[in-house]
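Structure at a glance
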Amino acid sequence: MFSWAQDEEEGAMINTPGLQELIDRIKKANLNKQNYIQFHDYKTRNVAKNIVYLQQTVNLLKDEIPLGAALHVFSKEDLNKLSSDSHDHIDYRTPGVIGNVPDGFTYRMDFEYLDVDAVLNEGSYANPKIALKFFLRKEHYEIFRKYLSGESTLASLKDYIVFKDDANIREKESPYKLVKPAEFLEKGKMVELVSHLTTGNNARALVRYKDGDEEYCTATNNLMQIIPIEDEQQYKLREDMSPFTLPYSDETEKKVKTSEILYVTHDCGDYKGITKKDDDKHEFLGWVKAGSLKVYVDNSKLGIDEFSQKYLKATETAVDNIIEDWEINEAACNLCVRAALYNLTGDDVLFPKTGSSITIRDKGEQLYGKVEAGSGSAQGIIDDLKAGNLNEYFEEVKKSSSETYVQFWKRIQDMVDNKDIVIGTYEPGHVFMVVPGGLYEVVDNTQRERAGTNLTDTKVELGDRWGGSFARRDFDYVLRIMDCGRGVKFSSGPAYGVMDARPFIGEKDDRIVKFYKYKQK
């Protein structure tokens, strides 16, 4: 008996596309033992109550995995790793699967995926032989849940794009030889999947153009499925461009400007289908490469307190991620600043133009920013700010001749406490971010400094590293900042955690401190 459930209260069917066909095949194999389904949400670590025991061989199952699905095979010894930090396992994927991992290559499991587990078992769950993981992208979950529970017909699930230049047409009868002379399906054209002729690594299918009746046989790995998704995240284009009429095609639609707020409504390989919403009207604008989009976050409607809380959460998350991947004595100030800005605004401007993930060592999604100098290093950010390369995004906040340094710092702190975003540079080679919460009271660590413990056993709460440097100059308060310098990493603390007072007040020619306000878009 097969049981499908999202949780104990709901009986809605949960499945990856085509898994029902797999289940039907297993039923036909006269497997009489009880079978269940387990559904994982790796975002929340919530697990549904039912587990699937499938009594069948891997080869049988592999042949039945449909186009666009992914089968992950685990040995018995690997099963205990499923909830650990080790997510590298053997990967098998059918042709046309969403993603870029070739068949047979290792695949790093990310928490942005949902999956359905099926466990092959020898009599009890405690003694499994092989586990099969069917992955479904999180934003596709609700779409497919509705489709497979009968709430939505979603005929477009049969829609595919020819995405290869050499999509050979084959004979329609087994063994499906190439037609002679050679003929090809047109790249960038939409086809409807009529039926699967074979499955497995060398799958063949019948398709027809959306605007035609004639059927053609081709290899399924020539096709990329168009998948509707539900994603309420807002996006903007990185630059004005004309979207493609269809993915992998050369035809384009009218130009879309970077000022437009967009939503992603469809996936197809490397392409995203974008839509503009105006009240209840939705206008589909075409297809763009995924890298052409950037997340858009509108903070304008947040009150001061709500924005400040979000600001602090953004810096806290940035620092926590760095602490997880980097040692305390390793400098990672540029990584913290760029991640905090991205967390708060969705803007990846401070990431290198060549691309980088959040902490580099997390091996996550590549974000492509605007920093060209120094491969995105702290000095690279400083150099691009000085050269004016980031003027579209930042403007320098300068001390006026009539201000004292105390007044200047208070003005900057007041800006941040009232919804401005300000980063600081401590040249050479260091960047930081001013955070809300008011100026930070100076703790004089002069005695610890003279004893040398401020550097070898740094305790910011005792005024280390350079609290004494400010105190001896009669500064009672300093800017409240986030800092991820060498030896000190915190999301809300004093400016003296890494930096001494002299550059802040112009006493050192070889070190310069500047401040830049982010131009919120």
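Whatever comes next refers back to the structure up there.
Description of the structure in this document. What you see is a predicted model, and the numbers here were worked out from it, not measured in a lab. (Residues numbered from 1 in each chain as written. Predicted model: local features only at pLDDT ≥ 70, side-chain atom pairs only at ≥ 80, totals over all residues. Heavy atoms only, no water.)

**What about helix H5 (residues 333–345)?**
This is how it is decided: What counts as a helix is a DSSP run of H or I of at least four residues, what counts as a strand is a run of E of at least two, and both are numbered from the N terminus. To estimate the expected span of a helix, count its residues, drop one, and scale the result by 1.5 Å. Only protein chains enter the accessibility calculation, which uses a 1.4 Å probe. A residue is then buried if its area is under 20% of the maximum for its type, exposed if over 50%, and partly exposed in between.
With 13 residues, H5 extends 18 Å from end C-alpha to end C-alpha; this agrees with the ideal 18 Å at 1.5 Å per step. Across the 13 residues that make up H5, a large majority, 12, are buried. For H5, the complete set of buried residues consists of Cys 333, Asn 334, Leu 335, Cys 336, Val 337, Arg 338, Ala 339, Ala 340, Leu 341, Tyr 342, Leu 344 and Thr 345. Remark: Gly 346 follows H5 within two positions and exhibits a positive phi of approximately 80°.

**A few points about the packing of aromatic side chains**
Basically, it comes down to this: Note on ring pairs: Phe, Tyr and Trp rings are taken, using the six-membered ring of Trp, and paired if centres are within 6.5 Å. Classes follow the plane angle, with under 30 degrees stacked, over 60 edge-to-face and the rest tilted. The rule for a charge over a ring is simple: NZ of Lys or CZ of Arg within 6 Å of the ring centre, and within 35 degrees of the ring normal.
Going through the model one piece at a time under the given rule, you end up with 21 aromatic pairs. Arranged with centres 6.3 Å apart and planes meeting at 40°, the rings of Tyr 426 and Phe 504 form a pair that is tilted. With Tyr 426 in strand E23 (residues 422–427) and Phe 504 in helix H11 (residues 501–504), this pair connects stretches of sequence that are 78 residues apart. With relative accessibility at 5%, the residue Phe 504 sits in the buried group. Through pairs of rings, three or more aromatic residues link up here, namely Tyr 405, Phe 408, Trp 409, Tyr 426, Phe 432, Tyr 440, Phe 470, Phe 475, Tyr 496, Phe 504 and Phe 515. When the ring centre of Tyr 263 is taken as origin, the NZ or CZ atom of Lys 277, which lies over that ring, is 4.1 Å away. In this structure, Arg 361 is placed above the aromatic ring of Trp 326, and the distance from its NZ or CZ to the ring centre is 3.6 Å.

**Overview of unusual backbone geometry**
With omega at 10°, the peptide bond leading from Ser 174 into Pro 175 counts as cis. Tracing the chain through its elements places Pro 175 in the loop between strand E11 (159–162) and strand E12 (190–196). Following Asp 464, the chain continues to Arg 465 via a peptide bond in cis, the omega torsion being 0°. The backbone of Tyr 248 sits at a positive phi, close to 65°, despite the residue not being glycine. Here Tyr 248 shows up in the loop between strand E17 (234–237) and strand E18 (263–268). Tyr 248 gets classed as buried once you look at its relative accessible area, which sits at 13%. For Lys 419, which is not glycine, the phi torsion reads 85° and is therefore positive. If you trace the backbone, Lys 419 turns up in the loop between helix H7 (405–417) and E23. Residue class for Lys 419 comes out buried when judged on its relative accessible area of 19%.

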